[in-house]
Amino acid sequence: MIQYNPKDWITFIFRFHKSDTFRQLIPMMIFIGLYAGGIAYLELEYWSLSENSHVKNLTLMHTTVGFVLSLLLAYRTNTAYDRWWEGRKLWGGLVNNSRNLALKLSTYLKEENDRTYFRKVIPAYSSVLSKHLLNEEVSQMLFEGLDLEIDHHKHRPNQVAKMLFQKVNDLYKSGKITGDQCYLINAELQSFTDICGACERIKNTPIPYSYSSFIKKFIFFFVMTLPFGFVFSLGYYVIPVVIFIFYVLASLELIAEEIEDPFGGDANDLPMTKIASNIKKHVEEIL
């Protein structure tokens with residue numbers, strides 16, 4: 001995720017980050033500019049249409065459907081941001097629950113080998129979950145010093161969660177923790193799987209295809225019809241105007257596409273690897 005100073009206006013205006021929508025839209029903006037110039041030439045030079053032509057009235061259509069398009073884009077952007085923010089809250093919950101579990105176990109457990117086990121496995125869950133959401137392989141280095149094996153053909157976070165539950169059960173049976181203590185840490189243990197399921201719901205349930213496809217088509221045809229009516233009032237200045245309108249509308253759709261899946265590798269996606277490393281650092285400090 002990009003770290004920045006929200007108060008630095010100059011940097012925002014004149015700096016073009018590699019994830020900026022302007023870079024991605026340059027080819028299409030060039031095409032739109034050539035298209036608008038071609039329409040302007042045909043209407044002004046080749047066909048020599050007068051200002052009394054009915055083509056000029058196409059601007060009435062843009063006024064009407066432009067309002068509808070703005071509502072659709074606002075809803076699209078808000079929906080995508082809600083998915084991004086929900087993902088961040090879930091990972092924030094994982095951080096807090098990992099800390100709480102480590103704090104309780106640091107009080108309950110007296111033997112060093114038991115504390116070492118949880119010191120390694122609790123952070124391992126967040127690392128495995130991040131790689132699971134990124135569809136990456138889990139490195140055996142995550143479990144250095146522990147005899148743990150992950151079956152890559154099965155649900156990997158569930159395997160780590162099962163190890164945690166199994167260890168707690170063994171501690172209870174051996175009398176190292178009481179039934180009340182086992183009950184008190186059950187909420188944190190159960191929350192790991194709840195968070196995993198919620199993250200999978202976001203990742204595996206994209207915005208419906210028909211909705212996303214309709215907005216893209218709407219933007220395309222809206223922009224492609226702009227030059228026909230605007231040429232009479234703007235002349236060849238219609239070229240930069242149409243390019244700018246396309247840039248604004250298409251950028252909103254691109255931004256929504258990027259943040260609707262917060263568990264990817266895009267510049268503005270959640271820094272799951274960094275969050276997992278912070279969990280590891282905090283748990284090791286506690287235990």
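Here the structure is shown first, and the text comes after it.
Scoring rules and cut-offs
- The residue numbers shown here count from 1 along each chain, following its written sequence.
- Side-chain atom pairs in this predicted model are given and counted only at pLDDT of 80 or more, local residue features only at pLDDT of at least 70, and totals for whole chains, interfaces and linings cover all residues.
- Based on all heavy atoms of the structure, the side-chain values leave hydrogens and waters out of the count.
- Comment: elements are numbered from the N terminus, with helices defined as DSSP H or I runs of at least four residues and strands as E runs of at least two.
- Relative accessible area decides the class of each residue, using a 1.4 Å probe on protein chains only: under 20% of the type maximum gives buried, over 50% gives exposed, and in between gives partly exposed.
- Any two residues whose heavy atoms approach within 4.5 Å are treated as being in contact.
- Throughout, the Shrake-Rupley method with a 1.4 Å probe supplies accessible areas, and for residues the shown protein chains are the sole cover considered.
- For our purposes a nonpolar core is just a set of buried Ala, Val, Leu, Ile, Met, Phe, Trp, Tyr and Cys residues, chained together by side-chain atoms within 4.5 Å.
- In this tally, Lys and Arg are treated as positive and Asp and Glu as negative; His is ignored, and so are the chain termini.
- The term salt bridge refers to a pairing of a side-chain nitrogen on Lys or Arg with a carboxyl oxygen on Asp or Glu at a separation within 4 Å.
- Under this definition, polar contacts are N or O atom pairs within 3.5 Å; protein pairs additionally need one hydrogen-donor-capable and one acceptor-capable atom, and for neighbouring residues in sequence, both atoms have to be side-chain atoms.
- What a helix is expected to span follows from its residue count: subtract one and scale by 1.5 Å.
- Fitting a line to C-alpha atoms yields each axis, with helices limited to the stretch in contact; the angle taken between N-to-C directions then spans 0 to 180 degrees.
- Any angle between 65 and 115 degrees counts as roughly perpendicular, while under 35 counts as roughly parallel, over 145 as roughly antiparallel, and the rest as oblique.
- Gly is put with the polar residues, along with every residue not named as nonpolar or charged; the nonpolar set is Ala, Val, Leu, Ile, Met, Phe, Trp, Tyr, Cys and Pro, and the charged set is Asp, Glu, Lys and Arg.
- Aromatic pairing here means that ring centres of Phe, Tyr or Trp (its six-membered ring) are within 6.5 Å. Orientation follows from the plane angle: under 30 degrees is stacked, over 60 is edge-to-face, and everything else is tilted.
- Surface patches are defined over residues having more than 30% relative accessible area and no salt bridge, joining like charges when they lie within 9 Å and nonpolar side chains (Val, Leu, Ile, Met, Phe, Trp, Tyr) when within 5 Å.

A short note on the overall build of the protein chain
Stage number 1. Each helix and strand in the protein chain was counted, giving nine helices and zero strands.
Stage number 2. Across the 287 residues that make up the protein chain, the buried fraction comes to 41%.
Stage number 3. Long-range pairs, those at least 24 residues apart, make up 78% of the contacts in the protein chain between residues at least 6 apart in sequence.
Stage number 4. When the accessible area of the protein chain is evaluated, it comes to approximately 16,300 Å², of which 60% is carbon and sulfur surface.

Describing the nonpolar core
Stage number 1. Of all hydrophobic cores here, the largest spans 44 residues; its most connected members are Trp 91, Leu 94, Leu 105, Phe 118, Ile 122, Tyr 125 and Phe 263.
Stage number 2. For this core, the element with the most residues is helix α3 (residues 58–108), which contributes 10 residues.
Stage number 3. The contact partners of Trp 91, leaving out residues within four places of it in the chain, are Ser 126, Leu 129, Ser 130, Leu 133, Cys 199, Phe 263, Met 272, Ile 275 and Ala 276.
Stage number 4. With 24 residues, the next largest nonpolar core counts Phe 218, Ile 219, Leu 226 and Val 231 among its residues.

Some words on the side chain of Glu 200
Stage number 1. For Glu 200, the location among the structural elements is in helix α6 (residues 179–204).
Stage number 2. Put simply, Glu 200 is tucked away with no salt bridge, and the nearest opposite charge, on Arg 156, sits 8.5 Å away.
Stage number 3. Here the side chain of Glu 200 touches His 132 through a polar contact of 2.7 Å, side chain to side chain.
Stage number 4. Not counting the four nearest positions on each side in its chain, Glu 200 is found in contact with His 132, Leu 133 and His 155.

Let's talk about helix α8 (residues 238–259)
Stage number 1. For α8, spanning 22 residues, the distance from its first C-alpha to its last is 32 Å, which sits close to the expected 32 Å at 1.5 Å a residue.
Stage number 2. By the burial criterion, the buried members of α8 are Val 238, Val 242, Ile 243, Phe 246, Leu 249, Ala 250, Ser 251, Glu 253, Leu 254, Ala 256, Glu 258 and Ile 259.
Stage number 3. Its buried side turned inward, α8 meets α2 (21–46), α3 and α7 (209–234).

A look at the packing of helix α5 (residues 156–173) against α6
Each pair of packed helices gets described by two things: the angle between the helix axes and the distance between those axes.
Stage number 1. The contact between α5 and α6 brings their axes to 10 Å, and the two run at 175°. It follows that α5 is roughly antiparallel to α6 by the angle criterion. Taking contact as the criterion, the partners of Pro 157, Asn 158, Ala 161, Leu 164, Phe 165, Val 168 and Tyr 172 in α5 are, on α6, Gly 179, Cys 182, Ile 185, Asn 186, Leu 189, Gln 190, Phe 192, Thr 193 and Cys 196.
Stage number 2. In terms of residue class, the contact of α5 with α6 is built from 11 nonpolar, five polar and no charged.

Regarding the packing of aromatic side chains
Stage number 1. By the definition in use, this model includes eight aromatic pairs.
Stage number 2. Ring geometry for Phe 22 and Tyr 247: centres 5.9 Å apart, planes at 75°, overall edge-to-face. In this pair, Phe 22 is assigned in helix α2 and Tyr 247 in helix α8, connecting sequence segments 225 residues apart.
Stage number 3. Both rings, one in Trp 84 and one in Trp 85, keep their centres 6.4 Å apart while their planes meet at 20°; by these two values the pair is stacked.
Stage number 4. With a relative accessible area of 41%, Trp 85 lands in the partly exposed category.
Stage number 5. One aromatic cluster in this structure is built from Tyr 81, Trp 84 and Trp 85.

Structural notes on the side chain of Ser 106
Stage number 1. Along the chain, the position of Ser 106 falls in helix α3.
Stage number 2. Side-chain polar atoms of Ser 106 contact the backbone oxygen of Leu 103, separated by 2.6 Å.
Stage number 3. Other than its neighbours up to four places away in sequence, Ser 106 contacts Arg 115, Ile 286 and Leu 287.

Overview of the pattern of salt bridges
Stage number 1. Inspection of the entire model under this criterion finds 12 salt bridges.
Stage number 2. One salt bridge connects Arg 201 with Glu 86, and the closest N-O pair in it is separated by 2.5 Å. Taken together, the residues span a long stretch of sequence, with Arg 201 in helix α6 and Glu 86 in helix α3 at a distance of 115 residues.
Stage number 3. Judged by its relative accessible area of 44%, Arg 201 is partly exposed.
Stage number 4. Put simply, Glu 284 and Lys 280 hold a salt bridge, and the shortest N to O gap is 2.7 Å. With Glu 284 and Lys 280 both in helix α9 (residues 272–286) and four residues apart, this pair spans about one turn of that helix.
Stage number 5. On the basis of relative accessible area, Glu 284 is assigned to the partly exposed category, the value being 36%.
Stage number 6. Accessibility expressed as a relative area gives 40% for Lys 280, which makes it partly exposed.

Notes on a nonpolar patch on the surface
Stage number 1. A cluster of nonpolar side chains, contributed by Tyr 41, Tyr 46, Trp 47 and Tyr 236, occupies part of the molecular surface with about 510 Å² of accessible area.
Stage number 2. Looking at the secondary structure, you find Tyr 236 in the loop between α7 and α8.
Stage number 3. You can call Tyr 236 partly exposed: its relative accessible area is 39%.

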